[in-house]
Structures are given as structure tokens and as C-alpha cells.
Amino acid sequence: MATSSDLNNTNAVQIRDMIEQKKKKKNLFNFLEKAVPVLLFLFAAISILTTIGIIYTLLSETIEFFKVVPMIEFFTGTVLKPMSQNPEFGVLPLLAGTVTSSVIAMLVAGPIGLMAAIYLSEYASDKVRRVLKPLLEVLAGIPTIVYGFFAFTFVTPLIRSIWPEVEATNILSPGIVMGIMIIPMIASLSEDAMTSVPNSMREGALALGATKLESTFKVVIPAALSGIIASFVLGISRAIGETMIVTIASGSSKNFSFDITQSMQTMTAYIVEVSGGEAPAGSTIYYSLYAVAMTLFVFTLLMNLLARYISRKFREEY
Amino acid sequence: MKYVDVTQVQKRMNGRILKNNSFKVLFLLATIFGLIVLGVLIAQVLTDGLSWINWDFISGKLSTDANRAGIMGAILGTFWVMVVVAPVTLIIGIGSAIYLELYAKKGRVQSFIQTNIANLAGVPSIVYGILGLTIFVRALDFGNIVLAGGLTLSLLVLPIVIVAAQEAIRSVPQHLSEASYGMGATKWQTIKNIILPAALPGILTGAILALSRAIGETAPLTVIGIPALLIPFPGGIFDKFTALPMQIYYWTLDSSLVEEYANLAAATIVVLLLLLFILNSTAIIIRNKFQQRY
Amino acid sequence: MSVSIAKGNTNVKIDTTVMQPTAVNSDKKVVFDTKDLNLWYGDTHALKDINLPIYEKEVTAIIGPSGCGKSTYLKTLNRMVELVPSVRTSGVITYNGREILSKSFKVEELRTRVGMVFQKPNPFPKSIYDNIAYGPKIHGIRNKKIIDEIVEKSLRGAYIWDEVKDRLKENAYGLSGGQQQRLCIARTLAIEPDVILMDEPTSALDPKSTHKIEDLIQELKQDYSIVIVTHNMQQAARISDRTAFFLNGEVVEYDHTDTIFTNPSDMRTEDYISGRFG
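The shown structure was predicted, so the numbers you read here are calculated from the model rather than taken from an experiment.

Some words on the overall build of chain C
- Helix and strand counts for chain C stand at 10 helices and 10 strands.
- Expressed as a percentage of the 278 residues in chain C, the buried residues total 50%.
- Sequence-distant contacts, at least 24 apart, represent 68% of the contacts inside chain C between residues at least 6 apart.

Below is the structure:
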């Protein structure tokens with residue numbers, strides 16, 4: 001410390017010396033500085049381990065399943081009779097259930113979610129938006145089991161009072177309720193896409209005398225289209241993976257049909273039924289659980305990757 | 001001559017404006033539609049369930065007899081699940097976020113982990129249930145105890161906590177950490193003393209939202225295997241358990257057999273929603289009260 | 001006299017006394033000596049062959065138009081530039097004779113000797129007291145009494161004690177911008193550095209606060225060596241002993257402030273200080 005001696009303030013020397021002395025004891029600090037990043041990396045690695053865990057468990061047991069049931073039979077079979085004396089494991093009835101419920105859900109959530117997004121992004125004043133958006137988020141925060149209860153004890157009886165042919169368990173009611181559950185997701189993501197369209201584009205249309213509706217449909221929506229499509233794809237992925245609403249309200253019928261008045265089982269509901277039914281580990285039924293889960297996992301993963309790909313392309317446009 | 005005929009434009013103008021206004025109403029209705037459903041849902045749950053809520057129901061044990069059934073076991077189960085999920089997700093979530101935001105070099109490893117987290121967030125919750133069943137319940141042989149369920153739900157909501165913590169850390173202004181480095185602080189000192197305290201409200205808000213997602217989840221628990229009628233109260237994280245959403249599930253399923261079960265389910269929903277409401281309000285209060293001005 | 005000049009620049013005379021800067025003022029000691037410093041951000045060559053001695057207990061001002069590298073140079077002196085991932089440097093900077101750019105000189109140690117005050121006041125979101133106590137604490141001082149003393153002494157040193165002594169426990173964000181900046185100076189004083197680097201410390205402040213900080217700098221000069229980057233040429237002229245003029249990552253001219261402002265030897269310096277560009 002060449003310069004500390006000529007500082008006229010003695011106090012200063014004291015502080016400086018103290019810092020110097022403490023420095024010598026800093027081995028612990030040095031250890032921490034090196035150990036902390038390693039520890040934190042291990043935490044971050046847990047999410048990778050989770051992915052590996054999911055893929056490994058699904059894959060290894062699915063392979064066991066395909067040793068008993070040929071892959072062709074699984075993916076093209078229209079009969080699913082896991083509990084019977086001569087069990088058959090065709091996944092198509094479950095796919096039919098999943099596709100049907102997802103289509104119904106998207107028929108509800110797509111238009112309503114998009115219209116809500118248009119209202120929030122193009123029409124609503126700041127004040128109104130600040131009230132409506134959090135309320136919509138409440139809708140997204142309701143547990144799915146509550147929606148399941150709602151579908152089973154309210155929506156189904158309501159539908160049956162209008163349309164008596166509908167059975168007590170059917171795919172229509174959970175499809176609709178799933179759609180309602182997905183509305184906030186589509187509304188919020190589509191709104192994000194629409195608000196990120198530069199104002200200058202809207203002003204260009206409005207200055208020509210276009211109405212808001214015209215500027216929305218001719219300018220804003222085309223510009224935000226990929227973001228909107230991405231939100232729909234994510235909505236579909238959400239519908240495919242949704243479990244409790246369909247499990248409760250659509251029953252466990254494994255018929256290969258597209259009749260919305262009937263009970264239809266989805267992939268997710270099948271997983272609940274089989275795992276809850278205490279299928280003995282090692283049985284074909286038990287392995288079929290993993291084969292169905294693998295199919296579900298691949299479907300949703302592809303949807304999510306597709307959504308990300310679409311919205312990334314969209315970002316490059318501006 | 002002019003191509004735009006002013007009289008023609010004026011004639012069509014009223015129609016266009018009318019169309020615009022009617023669509024505006026339609027869009028507003030679409031926005032409100034979800035809220036109306038929300039109102040109906042809550043009204044239905046309250047009419048079915050509210051009159052069933054009393055002290056005996058809250059504090060009682062499960063029973064097949066609808067008039068004697070109580071949900072204290074499910075409340076305690078949910079409580080113990082929170083005891084597992086909250087620390088596990090906070091520690092791993094904050095740790096991962098600090099690593100990704102402050103230590104990881106921008107490059108392949110970092111973007112790989114980041115993509116991985118984004119993909120995990122989109123995996124259906126029931127798939128996590130299968131992971132939990134295979135790893136925690138069977139391979140590690142925990143059985144269907146609170147710890148197994150809690151860890152499964154922790155993995156499920158971990159991406160939410162990580163992303164929220166990353167955003168909170170990113171929003172701490174650079175000039176604060178610069179000031180700390182400028183005083184000779186080490187990286188870990190800066191993170192511990194400056195960045196984490198400033199990011200904490202954001203992190204906590206995200207963690208509470210994740211926690212409320214976890215305690216409302218049903219699908220993973222159904223896969224792990226929760227007994228439908230578990231009489232003894234769980235006393236810790238190593239006990240078998242049931243949870244509020246599981247109880248709602250079983251009672252709803254059986255409501256076609258015993259009509260009163262629908263009321264029990266509704267009453268349990270009221271309790272669950274109340275719990276979620278309290279958690280979310282806490283998150284909002286934290287966000288508003290501790291929001292830093294920089 | 002002019003100091004460092006980029007190679008191949010023929011219309012500027014090259015001074016052979018570059019390496020003997022004490023010739024300017026032999027009784028002053030050099031705190032920081034920079035030799036042939038080059039710095040790149042990725043592919044951008046931000047600092048080119050900088051040679052610059054900085055003298056003890058003086059105020060050295062660095063002026064130049066935006067993007068000329070003056071802030072980058074300042075942040076090289078306490079190695080804050082290293083926070084930018086793609087930075088590379090070559091050349092030598094010595095601090096009291098020790099090479100600072102080598103990894104063997106711990107940045108944390110360097111930064112306790114070389115304090116920094118930033119462009120925008122950046123107090124921590126903590127109490128006034130905790131802002132000052134932060135430095136001593138991270139360096140291991142735990143004794144409450146000593147920290148109390150350091151806090152008072154540092155606040156007095158930055159001439160803000162009387163304004164804040166009754167509200168030490170209040171959040172620092174309650175202070176005005178000028179007070180916040182003096183608090184940041186006090187925070188730097190609390191680790192007793194030799195050198196204080198100031199990166200346009202008054203650019204975010206009103207004239208009255210600016211004036212207070214300038215007075216404070218004059219006082220601090222008694223005990224500390226100060227390097228200040230400023231956009232404001234009047235400020236450089238008012239408070240500095242020496243001024244370096246940076247342009248496009250090079251030092252065009254470095255001399256006593258009087259000389260720079262009254263009799264610059266380079267046309268570009270003259271153009272800049274007379275406001276013809278920048």
C-alpha cells in the first residue's frame with residue numbers, strides 16, 4: 001500500500017488495513033465462488049434429468065409393450081378391449097376420443113378466444129382492458145377438476161334438457177367445457193400477437209377512412225396471423241393433454257366412433273382408468289399405459305414445437 | 001374525372017359503421033362470455049356446496065356416509081403436499097434461474113436447457129404422473145405417500161417457477177449489479193446481496209402461482225394412486241394421503257350413485273377455491289407491496 | 001505537448017516523451033499508466049493504442065464525442081469492461097506499478113482500490129445506511145461500531161451527512177437525484193479507494209446538484225486521484241487538472257487542462273472544444 005501512508009486521515013488507514021486483513025481469510029469465499037456455479041448447474045440439470053426421465057420411462061416400457069402387441073396392431077387397431085379374455089389393444093378408439101374432444105374444444109375456444117383478443121387489443125380502452133384481463137386469467141387459474149365437476153353436474157344436464165338423445169356421459173359436454181377453459185390462453189396469446197403489430201400499420205388503414213373492423217381484418221390479423229395460429233396450436237396441445245374434464249364427464253366407453261352424444265374415452269382418460277385400476281406391473285395392460293402415454297407425449301411435443309416454430313418465424317417479420 | 005364517387009362512399013358509410021359497431025358488441029360479448037361462465041360456475045358450486053360447509057365438514061374424517069363425511073384428511077394432505085412442493089420448487093427453481101441468467105455462457109448448453117424447460121412446460125400433467133409413478137412410487141419404492149406426490153407435482157410446476165425467477169432476475173437493472181461489482185464485490189456476493197433481494201418479490205409471486213397450480217392438480221395424483229377412502233389423517237410427508245382435488249374427483253364420479261356426493265364435491269370445491277384465492281391474493285399483495293422503484 | 005498518436009497518422013507530430021510522462025510535472029506520481037492499450041468488442045476495435053499516464057491526486061478529465069471510447073477506457077481501469085462477454089484487450093495498464101489486466105490481479109482487489117461512480121445515480125434498493133455499509137460488509141468488516149463510523153465518515157466525506165443523518169434507515173430512493181449521486185460517491189469512499197473513476201457523474205443531474213458534485217470533486221482531490229469522463233467541456237475546464245481528448249478510440253491529445261483549452265496542438269481538439277463537431 002504505497003499510498004495509504006500519506007493519507008492524512010488515520011481512520012482511513014484503519015479501514016484499509018482491516019479490509020486487507022480480512023482478505024487473507026478469504027479462502028472460504030474463494031471456495032464459495034467456485035462451488036456455487038457448480039451447485040447451480042446441478043439444479044438447472046434437474047430439468048434435463050426430468051426430460052430424460054420422462055423419455056426413458058415411456059420408451060423402455062413402450063418397447064416392452066410392442067414386444068407383445070405389434071406396433072401396426074396398436075396404431076391401426078379399431079378395437080380396444082384391454083380387460084377381456086382375448087385383449088385387443090387398438091389405439092384408434094382413444095385417438096378418436098381425443099380428436100373429437102379437441103375439435104369441439106377448439107370450435108368453442110378458437111372463435112371466442114380470437115374475438116376476445118380482438119376486443120382487448122383493438123377496441124377496449126386501457127381501463128376496460130385492465131379490468132377484463134385479470135378476470136379472464138382467473139378463468140385460467142381454476143383447477144381442471146372444478147371444470148370436470150361443472151361439465152358433469154351442470155353442462156351435461158343442461159345439454160340433455162335441450163337435446164335428450166345425449167347420454168349422461170358424452171364427449172360433447174367436456175369438449176365444450178375444455179374449450180371454455182382454453183379461451184383465456186388463446187385470447188391472451190393472440191392479443192399479444194396483435195398488440196405487437198406496429199401502430200403505424202393500423203394508422204395507415206384508419207387514415208384512409210377504414211373502420212376499426214376493416215383495419216383489424218385487413219391489416220392487424222394478417223400481420224399477426226402466425227402468432228394467432230401458434231396460439232391455436234398451443235390450445236390444441238392443451239386440449240389433447242387435458243385429463244380430468246374428459247375423465248369425469250365422458251366416461252370410459254372404448255368404441256371407435258365420432259358420435260358426440262356418446263361416451264368416448266380419450267388417451268388421457270385411459271391412462272387414469274388403467275393406472276387407477278391397479279393393473280399389476282408387468283401385465284400387458286400395464287405396459288399399454290406407457291404406449292398410450294408415449295403417443296400422447298409425442299403428439300403434444302410436436303404441437304408445442306410446431307407452435308414455437310410458427311411464432312419464431314413470425315418474429316422475423318418485423 | 002374522379003374515380004371515388006363521394007355520394008357512393010357516403011351511402012355505404014353508414015352501413016360500414018353499423019357493421020363495425022355491431023361487431024364491436026359481438027367481440028365484447030365473446031370477451032364477457034368466459035366471465036359469464038365463470039359466474040355461473042361459481043354460483044352453481046356455491047348453491048350446491050355452501051350449505052354443506054360447517055365445522056364438522058371441515059374438521060371431520062372421510063366417510064361413505066355423506067352426512068358424516070369431513071375433509072380434514074384432504075386438507076392436511078394438501079397442506080403436506082405444499083410443505084414438499086414449496087421448498088423444492090423454490091430452491092431448484094431459483095438455482096436454475098440464477099444459473100441460466102447469470103452463470104451460463106450464452107451458447108449451446110444454455111439454449112439447450114432453455115428449450116428443454118419450454119418443452120417441459122407443455123408436457124401434459126398426466127405424463128408427469130406416469131413419471132412419478134415409475135420413479136418415486138415404484139423405482140424408489142416410496143409408495144403413494146405425500147413425498148412421492150409432492151415431488152411429482154414439484155417437477156410439474158418447476159418450469160413455471162424457473163421462468164418466473166428468470167424474468168424477475170432479468171428485470172433487476174444492470175446498474176445495480178455494476179455498482180456492486182464496482183465496489184469490489186465478487187459475483188456470488190453481488191447475486192446474494194443485490195440481485196436476489198431485488199428479484200425476490202417477482203420470484204415469490206411466480207412461486208406462489210406455481211404452488212396454487214400444484215395444489216389444484218388432480219391428474220398426476222390419480223396416476224400415482226390415491227386411495228378413495230383414506231380415513232387416518234396424514235401426519236407428515238411420509239404418510240399415505242389424499243388431497244382436496246382427489247376428494248372432489250371421487251365424490252364427483254360417485255355422485256351418480258349417491259346424490260349427496262355432488263354436494264360434498266361442491267363444498268370441497270368451495271374450500272379449494274378459497275385456498276387458491278388466498279394464495280393468489282397473497283401473490284398480488286407481494287407484487288404490489290414490494291415492487292421496487294429503480 | 002501531445003501524447004499518444006495512432007500509427008500512420010502523419011499530420012500529428014509524435015512526441016518521444018510518451019514514456020516519460022513525469023516530464024510534464026515531475027513532482028507528481030503516476031497512479032495508472034496505460035501503454036499500447038487496444039480493446040475490441042467482438043470485431044469492433046474500440047480503443048486503439050492508448051498511452052496515458054494518470055497522476056496521483058489530480059483530476060483527470062476525459063472528453064470526446066459519443067462513442068469515442070472514453071467510457072470504455074474508464075471501465076478498463078477497474079476492468080468493468082469484462083462484464084461484456086466478447087471483450088478482448090492487449091497492452092499494459094499498471095496501477096502503482098502492478099499490471100492490472102493480467103488474471104493474477106484479482107478484479108475484486110482492483111475494484112476496492114479503484115472505486116467507481118456511474119452515469120446514473122445507482123443506489124441499491126436499501127436504506128441509506130446499508131448502501132454505505134455494503135462495501136465494508138462484503139469485504140468482511142462485521143463490527144457494527146466500526147461500520148457506524150465508516151458510514152458517518154463516508155457521508156461526511158461526500159458532504160451529504162447533514163442532509164441524511166436523521167434518516168439513515170430510510171430507503172435511498174427517497175433522496176433527490178443529486179443526493180443519490182453524492183450517496184453513491186460516499187458509498188465508494190467507504191471502501192477507501194485510491195482512485196475514483198467517474199463516468200459522466202452529473203449528466204443526469206440539474207445544474208445545482210451538478211455544482212455541488214463539482215465542489216465535492218475539488219475536495220476529494222486532496223485525498224484521491226480522480227478520473228472523470230464528461231460530455232461537458234465546461235465541466236472539464238472547471239474541475240480538471242489534465243484533460244485527454246479521445247476521438248474514434250484514440251487519444252488525440254493529452255495535456256494540462258489549461259493548455260488543451262487555450263492552446264491545443266491538434267486541429268481536431270480545437271474543432272471539438274470550439275464546438276465544430278461532436
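Some thoughts on the overall build of chain A
- Scanning chain A for helices and strands turns up 12 helices and two strands.
- Counting helices and strands in the order they occur from the N terminus, chain A gives α-α-α-β-β-α-α-α-α-α-α-α-α-α.
- Classification of the 318 residues of chain A by burial places 46% in the buried group.
- The contacts in chain A between residues at least 6 apart in sequence include a share of 72% that link residues at least 24 apart.

Comments concerning the UniProt feature "transmembrane region" (unreviewed entry) in chain A
Residue and element names in this part refer to chain A.
- When the UniProt feature table is mapped to this numbering, "transmembrane region" (unreviewed entry) covers residues 35-59, 91-117, 138-159, 171-189, 219-240 and 285-307.
- Across residues 35-59, helical content stands at 100% and strand content at 0%; the span's end C-alpha atoms are separated by 35 Å.
- Summarising residues 219-240: 100% helix, 0% strand, and an end-to-end C-alpha distance of 32 Å.

Details of the interface of chain C and chain B
- With 21 residues of chain C at the interface, the matching set in chain B holds 17 residues.
- Elements that contribute at least two residues to the side of chain C that touches chain B include exactly α2 (107-113), β6 (114-117) and α3 (128-138) of chain C.
- The element contributing the most residues to the side of chain C that touches chain B is α2 of chain C, with four residues.
- Considering only residue class, the side of chain C that touches chain B consists of 11 nonpolar, six polar and four charged.

Re the nonpolar core
- With 261 residues, the main nonpolar core has Val177, Ile271, Val292 and Ala293 of chain A together with Val127 of chain B as its most contacted residues.
- Top element by residues in this core is helix α6 (residues 146-170) of chain B. It accounts for 17 residues.
- Those residues in contact with Val127 of chain B that sit more than four places away from it in its chain are Ile54, Ala293, Leu296 and Phe297 of chain A.

Remarks on the domain arrangement of chain A
Residue and element names in this part refer to chain A.
- We note that the domain assignment places domain 1 (4-68) and domain 2 (80-315) within chain A.
- Between domain 1 and domain 2, the contact holds eight residues from the first and eight residues from the second.
- Of the residues contributing to the side of domain 1 that touches domain 2, the split by class is five nonpolar, one polar and two charged.

As for the sheet that holds strand β5 (residues 98-99) of chain C
- Spatial ordering of the open sheet is given by β2-β1-β4-β5 (chain C), a layout of four strands whose pairing is antiparallel. Two strands lie at the open edges of the sheet, namely β2 (44-55) and β5 of chain C, each paired on one side alone.

Looking at the interface of chain A and chain B
- Residue-level contacts link 63 residues of chain A with 65 residues of chain B.
- Here the side of chain A that touches chain B gets 17 residues from one element, more than from any other, and that element is helix α2 (residues 27-68) of chain A.
- Of the residues that constitute the side of chain A that touches chain B, the class distribution is 43 nonpolar, 18 polar and two charged.

Here we look at the pairing of strand β3 (residues 59-63) of chain C
Residues and elements named next belong to chain C.
- In terms of residue burial, β3 counts as a mostly covered element, since five of its five residues are buried.
- Residues Val59, Ala61 and Ile63 point to one face of β3 and Thr60 and Ile62 to the other, with burial holding for every one of them.
- Strand direction decides the pairing type here: β3 and strand β8 (residues 225-229), joined by four bridges, are parallel. Each residue of the ladder has a partner; that of Ala61, found in β8, is Ile228.

Digging into the sheet that holds β3 of chain C
Residue and element names in this part refer to chain C.
- Spatial strand order, β6-β7-β8-β3-β9-β10: six strands in an open sheet with mixed pairing. Each having just a single partner strand, β6 and β10 (250-256) make up the two edges of the open sheet. Between one strand axis and the next, the sheet turns by 15° as a mean value, whatever way the strands run.

So, helix α5 (residues 125-139) of chain B
Residues and elements named next belong to chain B.
- If you check α5, its first and last C-alpha atoms are 20 Å apart, about what 15 residues at 1.5 Å a residue would give, namely 21 Å.
- Considering bend angle alone, the principal kink of α5 is centred on Gly132 and spans about 35°.
- Where burial is concerned, most of α5 is hidden: 13 out of the 15 residues are buried.
- Phi for Asp141, located one or two positions after α5, is positive at around 60°.

Considering the UniProt feature "domain: ABC transporter" (unreviewed entry) in chain C
- In the numbering adopted here, UniProt assigns the feature "domain: ABC transporter" (unreviewed entry) to residues 32-273 of chain C.
- Annotated as residues 32-273 of chain C, this span is 38% helix and 27% strand, and its ends, taken at the C-alpha atoms, are 26 Å apart.

Some words on the pairing of strand β4 (residues 87-95) of chain C
All names here are of chain C.
- Relative to β4, strand β1 (residues 30-41) runs antiparallel, the two being bridged by eight bridges. Its bridge partner being in β4, Asn38 is matched across the sheet by Ser90.
- Relative to β5, β4 runs antiparallel, the two sharing two bridges. Counted as the bridge partner of Tyr95 is Arg98 from β5.
- Connecting the antiparallel pair β4 and β5 is a turn made up of two residues, with Asn96 showing a positive phi of about 45°.

Conventions and cut-offs
Residues numbered from 1 in each chain as written. Chains lettered and ligands numbered in written order. Predicted model: local features only at pLDDT ≥ 70, side-chain atom pairs only at ≥ 80, totals over all residues. Helix = DSSP H or I, 4+ residues; strand = E, 2+ residues; numbered from the N terminus. Buried ≥ 20, exposed ≤ 12 C-beta atoms within 10 Å, placed from the backbone. Contact = placed C-beta atoms within 7 Å. UniProt positions renumbered as here; feature names shortened; annotations may be inferred. Nonpolar A, V, L, I, M, F, W, Y, C, P; charged D, E, K, R; others polar. Core = buried A, V, L, I, M, F, W, Y, C linked by C-beta atoms within 7 Å. Domains from an automatic or database assignment. Pairing = 2+ DSSP bridges. Axes fitted to C-alpha atoms, helices over the stretch in contact; angles between N-to-C directions. Expected span 1.5 Å × (residues − 1). Bend = angle between axes of the 7 residues up to and from the residue.

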